[in-house]
Amino acid sequence: MTSLSSFLTQYPATILVEIEAVKGSSPREAGTFMLVSQDGLWETIGGGQFEYMAIDHARAMLRSGATEDRMDIPLGPEIGQCCGGRTLLRFRLITSEIAAALEARVKGEAEQQPAVFIFGAGHVGKALAEALSLLPLTLTVVETRENELHDLPVNVASVLTPMPEALVAKIPANGAAIIVTHDHALDFLIAKEALARDDLAYVGMIGSKTKRATFAHWLEREREPTSHLAKLILPIGGNSVRDKRPAIIAALVAAELLQAFSAAEIRRSENRHGHPQGQDHA
């Protein structure tokens, strides 16, 4: 996806369309925004007829020279939607000050995104990078083979190193390690380091029940706590869909990751508010 700065450079005459307030049900929450130029769009405020109305209004503003406006849109049958709520949209012509504020906002949101380190850039590693690059995550691919670090999505960082296991320490707290290297011994070394941490939301390894059993024996031999094994997702993607194509594995892992990050955020929220973990607060 084009970056915010690149979009604004390409389309200096642009309207910021922001959901200022929401009543009832709506496709997106207050604060969601998109950019509209005469020939381009960046991001979305939820799609559907109400977004088409917003785009038309923004482009009409550009043609007329207007710099600010608002629209109150009911999301009902009259516009062909059935959300049932209302959205108040604010329209502003992008100025240098607004652009700077947006850049700061986008940067801040990116810094809060969960970090995912993919160890291995083979077929599955690349499929994971492609699938996860569409999500609000900060991605890093770690490899020992330089020739595998090509054709990654533009928003995915890469690290070439002879010791991938040393990179585990660089995963930010509440991040994830996905282990899909070409070497089982290397997988085990990386997993050992990842499982030794207690602040990762997800540690997953490609493999099978046999590989899990082999890894358990390896942990015993290395005098590592076998209790760490309970934190390991192996095989990644689960067993409900028996399809080993890389793209399918990547899709399943994406869903698994989002669930893990959501569960971790709930636990952190409960701890911040003093609720015992696992207690029902309804």
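Everything numeric in this text was worked out from a predicted model, so none of it was measured.

How each quantity is defined
- Residues numbered from 1 in each chain as written.
- Predicted model: local features only at pLDDT ≥ 70, side-chain atom pairs only at ≥ 80, totals over all residues.
- Heavy atoms only, no water.
- Phe/Tyr/Trp six-rings, centres within 6.5 Å; stacked < 30°, edge-to-face > 60°.
- Helix = DSSP H or I, 4+ residues; strand = E, 2+ residues; numbered from the N terminus.
- Buried < 20%, exposed > 50% of the residue type's maximum accessible area, 1.4 Å probe, protein only.
- UniProt positions renumbered as here; feature names shortened; annotations may be inferred.
- Pairing = 2+ DSSP bridges.
- 1 Å grid on protein atoms, 1.4 Å probe; cavity = no way out; pocket = protein on both sides within 12 Å on 5 of 7 lines; lining within 4 Å.
- Points joined across faces, edges and corners; volume = space filled by probe spheres on them.
- Nonpolar A, V, L, I, M, F, W, Y, C, P; charged D, E, K, R; others polar.

1. Quick look at the packing of aromatic side chains
All chains considered together, the criterion is met by six aromatic pairs. When the centroid spacing of 5.9 Å and the interplanar angle of 15° are considered together, the rings of Phe215 and Trp218 count as stacked. Taken as a pair, Phe215 and Trp218 lie in helix α6 (residues 209-221) at a separation of three residues, close to a single helical turn. On the basis of relative accessibility, which here comes to 0%, the residue Phe215 falls in the buried class. Through successive ring pairs, a cluster of aromatic residues spans Phe188, Phe215 and Trp218.

2. Quick notes on the UniProt feature "domain: XdhC Rossmann" (unreviewed entry) in the protein chain
Residues given the UniProt feature "domain: XdhC Rossmann" (unreviewed entry) here are residues 116-257. Overall, residues 116-257 shows 33% helix and 18% strand. The separation of its end C-alpha atoms is 9 Å.

3. Some details on the sheet that holds strand β7 (residues 138-143)
Consider a sheet: its strands pair through backbone hydrogen bonds, and that pairing is either parallel or antiparallel. Within the open sheet, the six strands sit side by side as β8-β7-β6-β9-β10-β11. Their pairing is parallel. At either margin of the open sheet sits one strand with a lone partner, and together these are β8 (156-160) and β11 (232-233). The sheet contact formed by strand β6 (residues 115-119) and β7 spans five bridges and is parallel. Along β7, the bridge assignment pairs Phe117 with Thr140.

4. Structural notes on empty space enclosed by the protein
For the structure on display, the rule yields one cavity of 30 Å³ or more. If you trace the largest cavity, you find it lined by Gly120, Val142, Glu143, Thr144, Pro164, Thr181, His182 and Leu186. Considered class by class, the residues forming the lining of the largest cavity number three nonpolar, four polar and one charged.

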